[in-house]
Amino acid sequence: MYNTLKMMYTNTYSCVNINNKVTDWFKTENGCRQGDVLSPTAFSIIINDLLKELNTSGLGVKLDANLIISVLAFADDIVLIAESAENLQKLIDIVHKWSAKWRFIVNPEKSQIVHFRNAPKAQTGHVFKLHTDGPVLEKVNSYKYLGVYFDEYLTFKKATDILATAGGRALGAMINKYKALNDLGYDTYTKLYNSLVSPIIDYGSSVWGFKSYDNLDKIQNRATRFFIGVHRFAPILGHVGDMGWGSNRSRWKLNILRLWNRLVGMDNNRLLKNVFLWDRGQHSTTNKSNFNAQVKQILIDCNMKTLYTNLHPVDIDRLKVIFREKDMLSWENSVKDKCKLDFLTQIKPTLSIEPFVKLNIGRYERSLLAQLRYGILQIQLETGRYNNEKRENRLCKICDRGVVEDQYHFVFHCPAYNDKRNVFTALMQTRIPEWGTMNDTQKFEILFKNHSRALGKFVRDLFLYRKNLIYK
């Protein structure tokens, strides 16, 4: 085996291919062969000596009497960890000596220092160097490791800001695809979002997803708002409730509990399992707000504390149902406090996918129906608000009845639309035998539930006719 590897790395030459043109061949005397299947294994074998030396130095973070973590390694990324600036410098010195011995080159521009600490504490003043006469290593406020930005206070604000930016770009690309494919339906749109956008804004959420982040919530709100077809000032609870999507927070909690299941079932000789158990002990003895504390609170909220106490895995499918019920209850409690959504609360009892959303109707009709539901359709009830008129003074300007032009008056009572309304009423009487005995709220309920296509066309005709009357 040794002779085989030796022959592979004897008299090796390389060239660079640029725009289908190659440079002159040059001899490569250092490093692993690029693209060779044995290169990762060869690199792991040689770097393993450094990892052993670092881990046996006794300079890392002490988890217990028998476990000290000095280094984390993934591929060719190495993270040194120490409890003091002095010990970290000693670890850096070990890396330098080992690198010099084996002719490794450490890139100082890619090597940075982060001092993790509580918010009031000042950053260390220690000057870190690769070696005594070497360059000074830069101290930074955050560092990207395995795709996640860890900031000095572990708030994950920068991490979520970066994810929100990436998620926004992905959503923009998805919307362009959606438009190019000529308005696909709800199921396809949801599938696209869950495949193209959600994985981006959820990246690493099993670590940072213990609270809500407005910047990430705005991405999902923008996605629901676009499909429903309302402007950015539309009540969020309206289009979120009609789309029926679960909250980001619930999805992140599920990711946290999936990680919990992995950790609980992991062998005790794994480093990650030992860190997990140490974290659990820290919460038990000091009541720190760490990973275990957050998992414990999630399970307490779900009446599953015994699973935490006994270190048992959780039933993810069952928790999906529980979190869905919590999302529904939260929506119901929140929408009651929104005066603008009074009409919506009369016809929609809970968070759920509305039939008019799933129905393959035109975007304009879907938008008008949504505006009607959320109290933002450009009738006097909404336009009067722009002039700070009291609700009782937002009277219909199309007729002389002197009543507020709200959803009920616009659709069912304004005499200016009697001709169109008579045709619509005759159609509904053939489809709904009880139509004549229903009150206005009951009519809206059954129209949105079972006849949203006909209602959409009717509202479109009324609204366009109203615009012609006003701007004639």
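Here the residue numbers are simple positions, counted from 1 along each chain's written sequence. Restriction of local features to residues with pLDDT of at least 70 applies here, the model being predicted, together with a cutoff of 80 or more for giving and counting side-chain atom pairs; totals for whole chains, interfaces and linings are based on all residues. The basis for the side-chain values is all heavy atoms of the structure; hydrogens and waters are excluded.

Here we look at the overall build of the chain
A helix here means a DSSP run of H or I that spans at least four residues, while a strand means a run of E at least two residues long, and both kinds are numbered starting from the N terminus. In terms of regular secondary structure, the chain is built from 22 helices and 12 strands. For 472 residues, the compact-globule estimate of 2.2 N^0.38 gives 23 Å, and the chain exceeds it by more than 25% at 31 Å. Counting only C-alpha atoms and orienting by the principal axes, one finds that the chain spans roughly 95 × 65 × 45 Å. Think of it in three bands: residues with accessible area under 20% of the maximum for their type are buried, residues over 50% are exposed, and the middle band is partly exposed, with areas taken using a 1.4 Å probe on protein chains only. When burial is assessed residue by residue, the chain has 41% of its 472 residues classed as buried. Under the convention used here, Asp and Glu are negative, Lys and Arg are positive, and both His and the chain ends fall outside the count. To locate a charge, take NZ of a lysine, CZ of an arginine, CG of an aspartate or CD of a glutamate. The averaged location of the 46 negative side-chain charges in the chain is 2 Å from the averaged location of its 67 positive side-chain charges. For the radius of gyration, the atoms used are the C-alpha atoms, and the globule rule reads 2.2 Å times the number of residues raised to 0.38.

Concerning the environment of tyrosine 143
In this structure, tyrosine 143 sits in strand E11 (residues 142-145). Through-space distance from the C-alpha of tyrosine 143 to that of arginine 394 is 56 Å; in sequence the pair is 251 residues apart. By definition, residues are in contact when any of their heavy atoms lie within 4.5 Å. Residues contacting tyrosine 143, with those up to four places away along its chain left out, are Lys110, Gln112, Val114, Val148, Tyr149 and Phe150. Engagement of the side chain of tyrosine 143 in a polar contact is seen with the backbone oxygen of lysine 110, the distance being 3.2 Å. Polar contacts, as used here, are pairs of N or O atoms within 3.5 Å; protein pairs need one atom able to donate a hydrogen and one able to accept it. Residues neighboring in sequence count only if both atoms are side-chain atoms.

Regarding the packing of helix H10 (residues 248-264) against helix H14 (residues 316-335)
Where H10 contacts H14, the axes come no closer than 10 Å and their chain directions differ by 155°. Classified by the angle between their axes, H10 and H14 sit roughly antiparallel to one another. Every pair of crossing elements has a handedness; the one defined by H10 and H14 is right-handed. Side by side, H10 and H14 meet where Ser250, Lys253, Leu254, Leu257, Arg258 and Asn261 of the first sit next to Ile316, Leu319, Lys320, Phe323 and Asp327 of the second. For the contact of H10 with H14, the class distribution of residues is 5 nonpolar, 2 polar and 4 charged. To define axes, lines are fitted to C-alpha atoms, for helices over the stretch in contact only, and angles between the resulting N-to-C directions are given on a 0 to 180 degree scale. Small angles under 35 degrees read as roughly parallel and large ones over 145 as roughly antiparallel, with 65 to 115 read as roughly perpendicular and the rest as oblique. For any helix crossing, the convention is left-handed if the near helix is rotated counterclockwise from the far helix by under a right angle, and right-handed if that rotation is clockwise. Ten residues, namely Ala, Val, Leu, Ile, Met, Phe, Trp, Tyr, Cys and Pro, are considered nonpolar, four, namely Asp, Glu, Lys and Arg, are considered charged, and the remaining ones, Gly among them, are considered polar.

Things to note about unusual backbone geometry
Even without glycine at this site, asparagine 20 takes up a positive phi of about 65°. Among the structural elements, asparagine 20 can be located in the loop between strand E2 (17-18) and strand E3 (21-22). Here arginine 103, not a glycine, exhibits a phi torsion of approximately 60°, which is positive. Relative to the helices and strands, arginine 103 resides in the loop between helix H3 (85-102) and strand E9 (112-113).

Regarding the packing of aromatic side chains
Here the aromatic set is Phe, Tyr and Trp, taking the six-membered ring for Trp, and pairing holds for ring centres within 6.5 Å; pairs whose planes are under 30 degrees apart are stacked, those over 60 apart are edge-to-face, and all others are tilted. What the rule picks out here adds up to 28 aromatic pairs. A centroid spacing of 6.0 Å and a plane angle of 75° characterise the contact between phenylalanine 210 and phenylalanine 291, whose relative ring orientation is edge-to-face. Taken together, the residues phenylalanine 210 in the loop between helix H7 (205-208) and helix H8 (214-228) and phenylalanine 291 in helix H12 (residues 291-301) connect sequence positions 81 residues apart. For the pair shown, phenylalanine 210 and phenylalanine 291 are each scored as buried. In this scheme, Lys NZ or Arg CZ marks a charge over a ring once it lies within 6 Å of the ring centre and within 35 degrees of the ring normal. Seen from the ring of tyrosine 308, arginine 280 lies directly overhead, with NZ or CZ sitting 4.3 Å from the centre.

Examining the nonpolar core
Ranked by size, the top nonpolar core spans 73 residues in total, and within it Tyr189, Tyr193, Phe410, Phe444 and Phe448 carry the most contacts. Among residues more than four places away in sequence, those in contact with tyrosine 193 are Leu171, Met174, Ser198, Pro199, Ile201, Ile219, Gln220, Ala223 and Trp245. Buried Ala, Val, Leu, Ile, Met, Phe, Trp, Tyr and Cys residues form a nonpolar core when they are joined through side-chain atoms within 4.5 Å. Phe210, Phe291, Val295 and Ile322 belong to the second largest nonpolar core, which has 23 residues in total.

Quick notes on helix H2 (residues 39-55)
Take the residue count of a helix, subtract one, and multiply by 1.5 Å to get its expected span. An ideal rise of 1.5 Å per residue puts 24 Å on 17 residues; H2 measures up with 24 Å between its terminal C-alpha atoms. Across the chain, bend at a residue is computed as the angle between axes fitted to the seven residues ending at that point and the seven starting from it. In H2, a bend of some 30° at isoleucine 47 exceeds every other bend along the element. Where the residues of H2 are buried, they touch strand E7 (71-74), strand E8 (77-80) and H3.

What about the pattern of salt bridges?
The term salt bridge refers to a side-chain nitrogen of Lys or Arg lying within 4 Å of a carboxyl oxygen of Asp or Glu. Going through the model one piece at a time under the given rule, you end up with 13 salt bridges. In this structure, lysine 157 engages aspartate 161 in a salt bridge whose closest nitrogen and oxygen atoms are separated by 2.9 Å. Within this pair, lysine 157 and its partner aspartate 161 are both found in helix H4 (residues 157-180), separated by 4 residues, close to a single helical turn. In this structure, the salt-bridge partner of aspartate 242 is arginine 373, at a minimum N-O distance of 2.9 Å. Taken together, the positions of aspartate 242 in helix H9 (residues 236-243) and arginine 373 in helix H17 (residues 363-374) put the pair 131 residues apart, joining distant regions of the chain. Taken individually, aspartate 242 and arginine 373 each receive the classification buried, so the pair is uniform in this respect.

Description of helix H5 (residues 186-196)
Those residues of H5 not exposed but buried are Tyr186, Tyr189, Thr190 and Tyr193. Seen end-on, H5 carries its buried residues on one side only, within an arc spanning 100°. Residues Asp187 and Lys191 are exposed on H5 and point more than 90 degrees away from its buried face. Where H5 is buried, its residues touch H4, helix H6 (198-201), H8, H9 and helix H16 (355-358). By arc we mean the arc of the directions from the helix axis to the C-beta atoms, nothing more.

A short note on the pairing of strand E5 (residues 61-64)
Sheet topology note: the E5/strand E6 (residues 67-69) ladder contains 3 bridges and is antiparallel. Bridged to valine 61 within E6 is isoleucine 69. The turn linking E5 back onto E6 is made up of 2 residues. Pairing between strands is defined by DSSP: at least two bridges between them are needed.

A look at the packing of H2 against H3
Helix-helix packing is characterised by the crossing angle of the two axes and by the distance between the axes. Running from N to C, H2 and H3 cross one another at 150°; their axes reach a closest spacing of 10 Å. As far as their axial angle goes, H3 and H2 are roughly antiparallel. For the element pair H2 and H3, the recorded crossing hand is right-handed. Contact with H2, carried on its side by Ile46, Ile47, Asp49, Leu50, Glu53 and Leu54, involves Leu91, Ile94, Val95, Trp98 and Trp102 of H3 and no other residues of that element. A per-class count over the contact of H2 with H3 returns 9 nonpolar, no polar and 2 charged.

Considerations on the pairing of strand E12 (residues 148-151)
Alignment of E11 against E12, held across 4 bridges, turns out to be antiparallel. Considered in E12, the bridge of tyrosine 145 is made with valine 148. The hairpin formed by E11 and E12 contains 2 residues between the paired strands, and leucine 146 there has a positive phi angle of roughly 55°.

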